[in-house]
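Survey of secondary and tertiary structure
The residues making up each chain are set out below.
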Amino acid sequence: MNQAKPDTLDNYSATDGSTETQRGQENSSSSASSAFSTALEPERGWQRVDLKELWRYRELLWFMAMRDVQVRYKQTVLGAAWAIIQPVMSMIVFSIFFGKFGKIPSDGLPYPVFAYTALLPWQLFANTLGQASNSLISNTNLLTKVYFPRLIIPLSAALSGLVDFCIAFVVLLGLMAYFHIVPGWGIVFLPLLLLFAITAALAIGFWLCALNVQYRDVRYVVPFLTQLWMFATPVAYPASMVPEKYRLFYALNPMTGVVEGFRWALLGGKGISLPIMGMSLLATLLLLVGGLFYFRRFEASFADLA
């Protein structure tokens, strides 16, 4: 009994020494691990948009946009001709039913070119909105495996839509030449109006793509919303048909200013209404800022919900 105590103390000391040695090894290994690794943790709450980070991933943005274009026309019969068929067929239907039968005024311009000039930015807006709203769901494998700024995904949808716009724009040049329409000095604002159309689509697209991750029935609402939106936009009719007392309220639709701006820049006509353009631009900026912050607010949960 008297010899058991020293043995117990010695065993305890030996055990304690080995424990300290093991702790030291664990601390050294953890410090070495922290020196060569970086932990990425999702930010919570309302977050700002990091433009520098987006710029660092610009090559990924370009790659994803080109991938979307290739996938869209892969194994198709007509290929890029689909970018022309859709607005041309819509222009023909509008010219027959709204121009000829309905006698809708066209501000003194030939109705086919009047309608087609509006259909170009509208198709860009509708296609970008539809692709952006479904972009996060379509790229679930990337969301759950690779880190990159999630804003890259809806932005790539906007860049891919520009390819279709440029192809369809060639038809508009042919129509203008056929009807002997020469654009005036306002054409210098066409790039800004094109940016206006893309910004309007992304302003709504940021809201919808974030909502689509949380509520999957949003994808069924987007086509219906887009169809109604077209009739609330002066595509088949001029904005001058709207009573003057309602025009500022009507201009809260961002595409009102875009469509009227395109017609003014390319076809001239009666000129552009600055109050309508100002109201549409203000509505677009408010929707864009709100959409960006809403997107960033729920960005951390995309990988879990997708």
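Residues numbered from 1 in each chain as written. Predicted model: local features only at pLDDT ≥ 70, side-chain atom pairs only at ≥ 80, totals over all residues. Heavy atoms only, no water.

Quick word on the side chain of Thr-199
- Following the sequence through the fold, Thr-199 ends up in helix α9 (residues 190-214).
- Polar contacts involving the side chain of Thr-199 include one to the main-chain carbonyl oxygen of Leu-195, which spans 2.7 Å.
- Discounting residues that sit within four places of it in the chain, Thr-199 has contacts with Thr-284 and Leu-288. (Helix = DSSP H or I, 4+ residues; strand = E, 2+ residues; numbered from the N terminus. Polar contact = N/O pair within 3.5 Å; in protein donor to acceptor, adjacent residues only side chain to side chain. Contact = heavy atoms within 4.5 Å.)

Comments concerning the pattern of salt bridges
- Overall, the coordinates contain 3 salt bridges when judged by the stated rule.
- In this structure, Arg-67 engages Asp-68 in a salt bridge whose closest nitrogen and oxygen atoms are separated by 3.2 Å. (Salt bridge = Lys/Arg side-chain N within 4 Å of Asp/Glu carboxyl O.)

A look at a nonpolar patch on the surface
- Taken together, the side chains of Met-89, Ile-92, Val-93, Ile-96, Phe-97 and Phe-101 make up a nonpolar region of the molecular surface, amounting to roughly 570 Å² of accessible area.
- Relative to the assigned elements, Phe-97 resides in helix α4 (residues 82-101). (Patch = residues over 30% accessible without salt bridge, like charges linked within 9 Å, V, L, I, M, F, W, Y side chains within 5 Å. Areas by Shrake-Rupley, 256 points an atom, 1.4 Å probe, with all protein chains shown as cover.)

Here we look at the packing of aromatic side chains
- Summed over the entire model, instances satisfying the criterion amount to 14 aromatic pairs.
- With 5.2 Å between their ring centres and 85° between their planes, Phe-94 and Phe-98 make a pair best called edge-to-face. Of this pair, Phe-94 and Phe-98 both sit in helix α4, 4 residues apart, which is roughly one turn of the helix.
- Owing to a relative accessible area of 9%, Phe-94 belongs among the buried residues under this scheme.
- Ring geometry for Phe-189 versus Trp-264: centroids 5.8 Å apart, planes at 40°, classification tilted. Of the two residues, Phe-189 sits in the loop between α8 (152-178) and α9 while Trp-264 sits in helix α12 (residues 254-267), which places them 75 residues apart along the sequence.
- Above the ring of Phe-148, the side-chain terminus of Arg-150 is found at 4.8 Å from the ring centroid. (Phe/Tyr/Trp six-rings, centres within 6.5 Å; stacked < 30°, edge-to-face > 60°. Buried < 20%, exposed > 50% of the residue type's maximum accessible area, 1.4 Å probe, protein only. Lys NZ or Arg CZ within 6 Å of the ring centre and 35° of its normal.)

Quick look at the packing of α8 against α9
- The N-to-C vectors of α8 and α9 enclose an angle of 140°; their axes lie 10 Å apart at closest approach. Viewed along their axes, α8 and α9 adopt a mutual orientation that is oblique. Here α8 and α9 pass one another in a crossing that is right-handed. In this structure, α8 uses Pro-154, Leu-155, Ala-158, Leu-162, Phe-165 and Phe-169 to contact α9, whose residues at the interface are Leu-190, Leu-194, Ile-198, Leu-202, Phe-206 and Cys-209. (Axes fitted to C-alpha atoms, helices over the stretch in contact; angles between N-to-C directions. Parallel < 35°, antiparallel > 145°, perpendicular 65-115°, else oblique. Left-handed = near helix turned anticlockwise from the far one by under 90°.)

So, α12
- Helix length check: α12, at 14 residues, gives a terminal C-alpha distance of 20 Å against a target of 20 Å (1.5 Å per residue), a fit within 8%.
- Within α12, 14 of the 14 residues are buried, which leaves the element mostly enclosed by the surrounding structure.
- One side-chain oxygen of the residue at the start of α12 lies 3.1 Å from the amide nitrogen of Met-255, identifying that residue as Asn-253.
- One or two positions beyond α12, positive phi appears at Gly-268, with a value near 80°. (Expected span 1.5 Å × (residues − 1).)

Remember, this is a structural readout, not a statement about activity or role.
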